[in-house]
Amino acid sequence: MEEKLSSVAKTFTPSPIQELSHLAQRCNAINLAEGFPDFPAPPCIKQAAVSAINNDFNQYRHVQGICDQLALKMNKMHGLNIDPLTDIAICCGQTEAFAAAVFSIIDKGDEVLLFDPCYETYEGCIAMAGGIPVYVPLDPPRWTLDPEKLMSSFTSRTKAVVLNSPHNPTGKVFSREELEVIAECCRRWDCVAITDEVYEYITFDDQKHETIASLPGMQERTIITSSLSKTFSITGWRIGWAIAPASAASAIRNIHVKITDSAPAPFQEAALTALSSPTKYFEMLRIEYQLKRDFCMKLLNSVGFRIQFKPQGSFFLFAELPKDCLLSDVEYVKELIRQAGVVVVPGRGFFHGKSGSDQPSDESFRHQKRYIRVAFCKTEARLCAAAQKFGELMNARGHNRDVVSWPRILKDITVDNPKPILRSWIKPSRNHVKFNIDGAVEGGVEKAGIGGILRNSDNVTLIIFSKAIGFSDATSAELLTIREALVMFAKSKWSKQSSLILETDCTLCANWLESPTSAPVSFKNLIAYILLLCASCVWLFLVNTENKGKISSQISELVGDALLLVTYSSLMIAWRSILKGLKLGLDERWYLNLEGSMDSEPLLFFYGRK
Amino acid sequence: MSTSSTQKDTVSTHDGTPQITQQPVQVAKRLEKFKTTIFTQMSMLAIKHGAINLGQGFPNFDGPDFVKEAAIQAIKDGKNQYARGYGVPDFNNALAARFKKDTGLVIDPDKEVTVTSGCTEAIAATMLGLINPGDEVILFAPFYDSYEATLSMAGAKIKCITLRPPDFAVPIDELKSAISKNTRAILINTPHNPTGKMFTREELNTIASLCIENDVLVFMDEVYDKLAFEMDHISMASLPGMYERTVTMNSLGKTFSLTGWKIGWAIAPPHLTWGVRQAHSFLTFATSTPMQWAATVALRAPDSYFEELKRDYMAKKAILVQGLKDVGFKVFPSSGTYFVVVDHTPFGLENDIAFCEYLIKEVGVVAIPTSVFYLNPEDGKNLVRFTFCKDEETLRSAVERMKEKLKKK
């Protein structure tokens, strides 16, 4: 029966990634190979899906709202004008959107350019449609695009270019210059660009993802494909789309209808919730993945890798094996599984060797067997476990390296009891400035002062302030410091271009930042002050009655003075506290209204006892 | 080497704003004739006129709670990442168990079962994975509209055999002359959409012997197998000598009234499964994970579920069929599926599309014109298709409307 297989099916071989996964499973290895998260999807999106199922969104459907939201997003992010009624096709994942796009424009014998190394699935789709894949190699070590190589790959039969950016496996984000080179070629040769932008929201270090469709003359010849999978950690839900000029989108939609008919209905509903996630969600996504990227780089460096290309996007690291390692990529991966119990992907499956008809010299293609791909879309626990294994491996070999540990700010603080609390550690997405602040009081209730110092990430001092605030208690002083610092920052020139890290040892401020228009009150202190006030009044009364004679005058004088002072202070504090508690707003200083003066919320960092 | 001329005015880089003048994106030649499906067109008309939709084949009632609960549980349990490409292992096992129960055949769930996004994708993957450009494939008309499209995508040569009223029996002589050593495959849908015909044992046996004789593959679309009313459903794969050359396709949607979940599958011997899996991995790569878990639970439903399903549908069918007869249609017997085709000519309209438009606008009921299900539309111009996968009240209202407003000429 073998002869019954189509010629196309016969050329396909099982995925090397899947085979290694099976080996890894048998060895119970830590999986840093497969490109999907091992952490849960966002709860609100899951809930949206659950609601959809309960509310009977379970029959064939097309949720137009998805198209409306995508059109808005494309406009906001890239300045594109997309008609949600005609330019978008919802498909079962980016995979299907890509397949349908290829089927919609590729005829038998059409050539399609692909950048090497590349994701293994594109070639299969193109072959199924009768197209011919032609590979344009990106140049290591930084995977730069050589315009000469690109231009010389175009022929009269070239119909399309496939562009995956941010890029799997290298993590490259194509620069604007590179996009312009590709765009120029497409315009000149009248070709279509089919893009795979599934990692569009995962970029690092100020790198922004740009779609080639936003370049002049490109929107009418670009088919954008993407999906929810990587952005929302729901790779198993199969919701993706193609955005293209109306005629192509219509063809893609028709093909999609013949291939699968509709994307899963309840997940289309949930997509509406996902796509309307606040900006903060996407910020956090980038920040968290960036942290993981940095950790992985440190990890690999600790075992001898010298990573020459830092990923700019996606959640993959494409690392060249250390120079002194003589193993090939597959051998290295197998050894890694066996000895360290960690599995990654050998890079050779992403390369497609000879381009054109030149006979490759062994030298120029040697690099194809020298890379491994590490996926860092895994939980912190898993990445740390991998670090642990690496550390053990190195120690076993007598290298005595320290285990690379997750950055913990509190590592240097030795407080035995209670334990320090790590509230959050997130590296700011852009240039940050840090305000170290404190409020202090001489004794319990006394003259108080506040102060702070603002520095940028190069440790250059930008602002120093220090001032007295009259009589206050410690908590109020702390809070006033925070307010002062925030107002100062908001009015400074750095507020629009930098993130703010606020470093303080006051726990109350966390609540205050969450609801800045309510004056913070420490009820414990308030009660104490009121009690103290009452006690002082009682004492005053006692001191001034006939009982005076019963107490030795010297003592009573001293005590009386002290108490008077305490009473006076307490009266003031208690009065203010009561007012604050009643929110009468007599002291405007306590209200924090910084809306609009800062581009992003300050990142709060505090340490101390809870 | 030629360069494209710049006469097209597609480049307007001077002020940087892209102008959409001409559309340089051209659709592949093989697909130019496929436009929006008739179903979408009719549904849009229906909404516009507030018509009762007895056209598109999905229920207006929902699936059973125990299946929905299972999906919700799967989502909450975090089963939201890529499943194994050809199916979640538990689900494949459940499918193998069900197949054994239905046909008596024992199969290997990991080598012979492939899970796809609906039966539609199973069909697409089978065609693209097993058919070469230029291969001959035999189809029975009327046929589900995706068959023609996916065969086109695979570059196949279609040979069509028309099933005719009143009983839509297979014309054996025509089949014998159509099938030859050059035939690569034959595609059979039983129970049959749109006619409701179920292929009899005799018909299947005849086809089977012809296939063995000429070494032809058989692709079976059996999505309505649990909606078999007038006779038992027979799987071609269960006939002697046929399993090794048959791909049996099915799905969850019709049996469990969850058509939007897109859970389907293809069962075939390993050497055929391999081709299906290759195509599938490039079409959608993997199928919705939480729904597969729910489907595992669904397939293990007790027999009582399926019996009740049949009873419910038979009651609905009775209402519709009697109603259509009373209105004056010539109703053809439908043994399975939730469709019935009728002859509309007593009402004097020139063809099925005209009749359906009239039915929507003047009567307020939707039916599907069957000409789209034929290679030659002329063959279907007298017939339209109604569905009874709606709740009883909807069916009764539709019948009332037709009785009131549809008059014979």
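Since we're looking at a predicted model, the values are computed, not measured. (Residues numbered from 1 in each chain as written. Chains lettered and ligands numbered in written order. Predicted model: local features only at pLDDT ≥ 70, side-chain atom pairs only at ≥ 80, totals over all residues. Heavy atoms only, no water.)

**Comments concerning the overall build of chain B**
Consideration 1: Along its length, chain B carries 13 helices and 13 strands.
Consideration 2: Radius of gyration (C-alpha) of chain B: 23 Å, near the 22 Å computed for a compact globule of 409 residues.
Consideration 3: Along the three orthogonal principal directions, the C-alpha set of chain B runs to about 65 × 65 × 55 Å.
Consideration 4: With 409 residues in all, chain B has 62% of them scored as buried.
Consideration 5: For chain B, the exposed surface amounts to about 15400 Å²; the carbon and sulfur share of it is 50%.
Consideration 6: Side-chain charges of chain B comprise 45 positive and 47 negative groups, with the mean position of each set lying 1 Å from the other. (Helix = DSSP H or I, 4+ residues; strand = E, 2+ residues; numbered from the N terminus. Rg over C-alpha atoms; globule rule 2.2 N^0.38 Å. Buried < 20%, exposed > 50% of the residue type's maximum accessible area, 1.4 Å probe, protein only. Areas by Shrake-Rupley, 256 points an atom, 1.4 Å probe, with all protein chains shown as cover. Lys, Arg positive; Asp, Glu negative; His and termini not counted. Charge placed at Lys NZ, Arg CZ, Asp CG, Glu CD.)

**Points about the pattern of salt bridges**
Residues and elements named next belong to chain A.
Consideration 1: Enumeration according to the criterion identifies 35 salt bridges over all chains in this entry.
Consideration 2: R61 is the partner of E269 in a salt bridge, and the nearest nitrogen-oxygen pair spans 3.4 Å. Separated by 208 residues along the polypeptide, E269 in helix 10 (residues 265-275) and R61 in the loop between helix 3 (43-54) and helix 4 (64-78) bring together distant segments of the chain.
Consideration 3: By relative accessible area, E269 is classed as buried at 16%. (Salt bridge = Lys/Arg side-chain N within 4 Å of Asp/Glu carboxyl O.)

**A closer look at the packing of aromatic side chains**
Consideration 1: Counted by the stated rule, this structure contains 46 aromatic pairs over all chains.
Consideration 2: Ring geometry for F115 of chain A versus F174 of chain A: centroids 5.4 Å apart, planes at 50°, classification tilted. Taken together, the residues span a long stretch of sequence, with F115 of chain A in strand 3 (residues 111-116) and F174 of chain A in the loop between strand 5 (158-164) and helix 8 (176-189) at a distance of 59 residues.
Consideration 3: For F115 of chain A, a relative accessible area of 4% translates into the label buried.
Consideration 4: Following the ring pairs from residue to residue traces out a cluster consisting of F61, Y224, F229, Y313, Y338, F339 and F388 of chain B.
Consideration 5: The positively charged end of K226 of chain B is found above the aromatic ring belonging to F306 of chain B, 6.0 Å away from the centroid. (Phe/Tyr/Trp six-rings, centres within 6.5 Å; stacked < 30°, edge-to-face > 60°. Lys NZ or Arg CZ within 6 Å of the ring centre and 35° of its normal.)

**A look at the UniProt feature "domain: Aminotransferase class I/classII large" (unreviewed entry) in chain B**
Consideration 1: The UniProt record marks residues 52-401 of chain B with the feature "domain: Aminotransferase class I/classII large" (unreviewed entry), using the residue numbering of this structure.
Consideration 2: In this annotation, residues 52-401 of chain B is assigned 42% helix and 16% strand; the end-to-end C-alpha distance for the span is 9 Å. (UniProt positions renumbered as here; feature names shortened; annotations may be inferred.)

**Here's the deal with the environment of K434 of chain A**
Residue and element names in this part refer to chain A.
Consideration 1: By secondary structure assignment, the location of K434 is in strand 13 (residues 432-441).
Consideration 2: Separated by 21 residues in the primary sequence, K434 and R455 place their C-alpha atoms 5.3 Å from one another.
Consideration 3: If sequence neighbours within four positions are ignored, K434 has contacts with I453, L454, R455, I501 and E503. (Contact = heavy atoms within 4.5 Å.)

**Regarding empty space enclosed by the protein**
All names here are of chain A.
Consideration 1: The tally for this structure, following the rule as stated, stands at 10 cavities of 30 Å³ or more.
Consideration 2: Estimates place the volume of the second largest cavity at around 70 Å³.
Consideration 3: Lining the second largest cavity are L70, K73, M74, M77, E200, Y201, S227, T231, F232, W241 and L275.
Consideration 4: Of the residues belonging to the lining of the second largest cavity, the class tally is 7 nonpolar, 2 polar and 2 charged. (1 Å grid on protein atoms, 1.4 Å probe; cavity = no way out; pocket = protein on both sides within 12 Å on 5 of 7 lines; lining within 4 Å. Points joined across faces, edges and corners; volume = space filled by probe spheres on them. Nonpolar A, V, L, I, M, F, W, Y, C, P; charged D, E, K, R; others polar.)

**Digging into the sheet that holds strand 10 (residues 339-343) of chain B**
Consideration 1: Read from one edge to the other, the open sheet built from 4 strands follows the order 9-10-13-12 (chain B), with strand pairing classed as antiparallel. This sheet does not close on itself; its edge strands, each paired only once, are strand 9 (330-331) and strand 12 (368-369) of chain B. (Pairing = 2+ DSSP bridges.)

**What about the packing of helix 5 (residues 93-105) of chain A against helix 6 (residues 121-128) of chain A?**
Residues and elements named next belong to chain A.
Consideration 1: Viewed as axis vectors pointing N to C, helix 5 and helix 6 meet at an angle of 35°, and their least axial separation amounts to 9 Å. Crossing of helix 5 against helix 6: the hand is right-handed. Residues F98, A99, V102 and F103 of helix 5 touch helix 6, and the partners they reach there are Y122, C125, I126 and M128.
Consideration 2: Here the contact of helix 5 with helix 6 is built from residues that sort into 8 nonpolar, no polar and no charged. (Axes fitted to C-alpha atoms, helices over the stretch in contact; angles between N-to-C directions. Left-handed = near helix turned anticlockwise from the far one by under 90°.)

**Thoughts on the state of the cysteines**
Consideration 1: Applying the stated criterion across every chain yields a total of 0 disulfides over all chains.
Consideration 2: Take C325 of chain A: it sits in no disulfide, and the sulfur closest to it among the cysteines is that of C296 of chain A, at 18 Å.
Consideration 3: Unpaired in terms of disulfides, C211 of chain B finds its nearest cysteine sulfur in C160 of chain B, a separation of 16 Å.
Consideration 4: Residue C211 of chain B is classed as buried on the basis of its relative accessible area, which comes to 0%. (Disulfide = S-S within 2.5 Å.)

**Notes on the environment of G241 of chain B**
Residues and elements named next belong to chain B.
Consideration 1: Inspection of the secondary structure assignment puts G241 in the loop between strand 6 (217-221) and strand 7 (246-251).
Consideration 2: On the accessibility criterion, G241 (39% relative accessible area) is partly exposed.
Consideration 3: In this structure, the C-alpha to C-alpha distance between G241 and I212, residues 29 residues apart in sequence, is 7.6 Å.

**Describing the nonpolar core**
Soluble, globular proteins show a tendency: their nonpolar side chains are buried together.
Consideration 1: Formed by 281 residues in total, the largest nonpolar core has its most connected members in F329 and F386 of chain B.
Consideration 2: If you look at the next biggest cluster of nonpolar residues, it comprises 20 residues, including V441, I450, F465 and L500 of chain A. (Core = buried A, V, L, I, M, F, W, Y, C linked by side-chain atoms within 4.5 Å.)

**Looking at the pairing of strand 16 (residues 499-504) of chain A**
Residue and element names in this part refer to chain A.
Consideration 1: Of all 6 residues in strand 16, 6 are buried, a share of seventy percent or more.
Consideration 2: Here 5 bridges tie strand 13 to strand 16, and the two strands are oriented parallel to one another. Bridging across to strand 16, V433 finds its partner in L500.

**What about the sheet that holds strand 8 (residues 264-267) of chain B?**
All names here are of chain B.
Consideration 1: With mixed pairing, the 7 strands of this open sheet are ordered in space as 2-8-7-6-5-3-4. Single-partner strands in this sheet number two, and they are strand 2 (113-116) and strand 4 (157-162). Across this sheet, the average inter-strand angle for adjacent strands is 20°, counted without regard to direction.
Consideration 2: Where strand 2 meets strand 8, 4 bridges bridge the pair, whose relative direction is antiparallel. Across the sheet, the residue bridging to V113 is I267, located in strand 8.
Consideration 3: Against the sheet, helix 3 (residues 89-103) touches strand 2, strand 7 and strand 8, its axis set at about 115° to strand 2.
Consideration 4: Across the sheet, helix 5 (residues 118-130) is in contact with strand 2, strand 5 (183-189), strand 6, strand 7 and strand 8; its angle to strand 7 comes to roughly 155°.

**Some thoughts on the pairing of strand 10 of chain B**
Side-chain positions along a regular strand alternate between the two faces of the sheet.
Residues and elements named next belong to chain B.
Consideration 1: Across the 5 residues that make up strand 10, a large majority, 5, are buried.
Consideration 2: Because side chains alternate across strand 10, one face comprises the buried residues F339, V341 and D343, and the other comprises V340 and V342, equally buried.
Consideration 3: Bridge analysis of strand 9 against strand 10 gives 2 bridges, and the strand direction is antiparallel. Pairing of V331 across the sheet is with V342, part of strand 10.
Consideration 4: Summarising the sheet, strand 10 and strand 13 (residues 383-387) pair through 5 bridges and their orientation is antiparallel. Note on strand 13: the bridge partner recorded for F339 is T387.

**Regarding the environment of V223 of chain B**
Residue and element names in this part refer to chain B.
Consideration 1: Topologically, V223 is positioned in the loop between strand 6 and strand 7.
Consideration 2: Taking relative accessible area as the criterion, V223 reaches 6% and is therefore assigned buried.
Consideration 3: Remark: the alpha-carbon pair of V223 and F39, spanning 184 residues in sequence, is separated by 19 Å.
Consideration 4: Excluding residues that lie within four positions of it along the chain, V223 makes contacts with C119, M249, N250, S251, K254 and T255.

**Let's talk about unusual backbone geometry**
Consideration 1: Between T190 of chain B and P191 of chain B the backbone carries a cis peptide bond, its omega angle lying at -10°.
Consideration 2: Relative to the elements of secondary structure, P191 of chain B occurs in the loop between strand 5 and helix 8 (201-214).
Consideration 3: A positive phi angle, near 65°, is found at R238 of chain A, a position not held by glycine.
Consideration 4: Looking at the secondary structure, you find R238 of chain A in the loop between strand 7 (222-227) and strand 8 (240-243).
Consideration 5: The backbone of S257 of chain B shows a phi angle near 55°, a positive value even though the residue is not glycine.
Consideration 6: Note that S257 of chain B resides in the loop between strand 7 and strand 8.
Consideration 7: Residue classification places S257 of chain B among the buried positions, given a relative accessible area of 3%.

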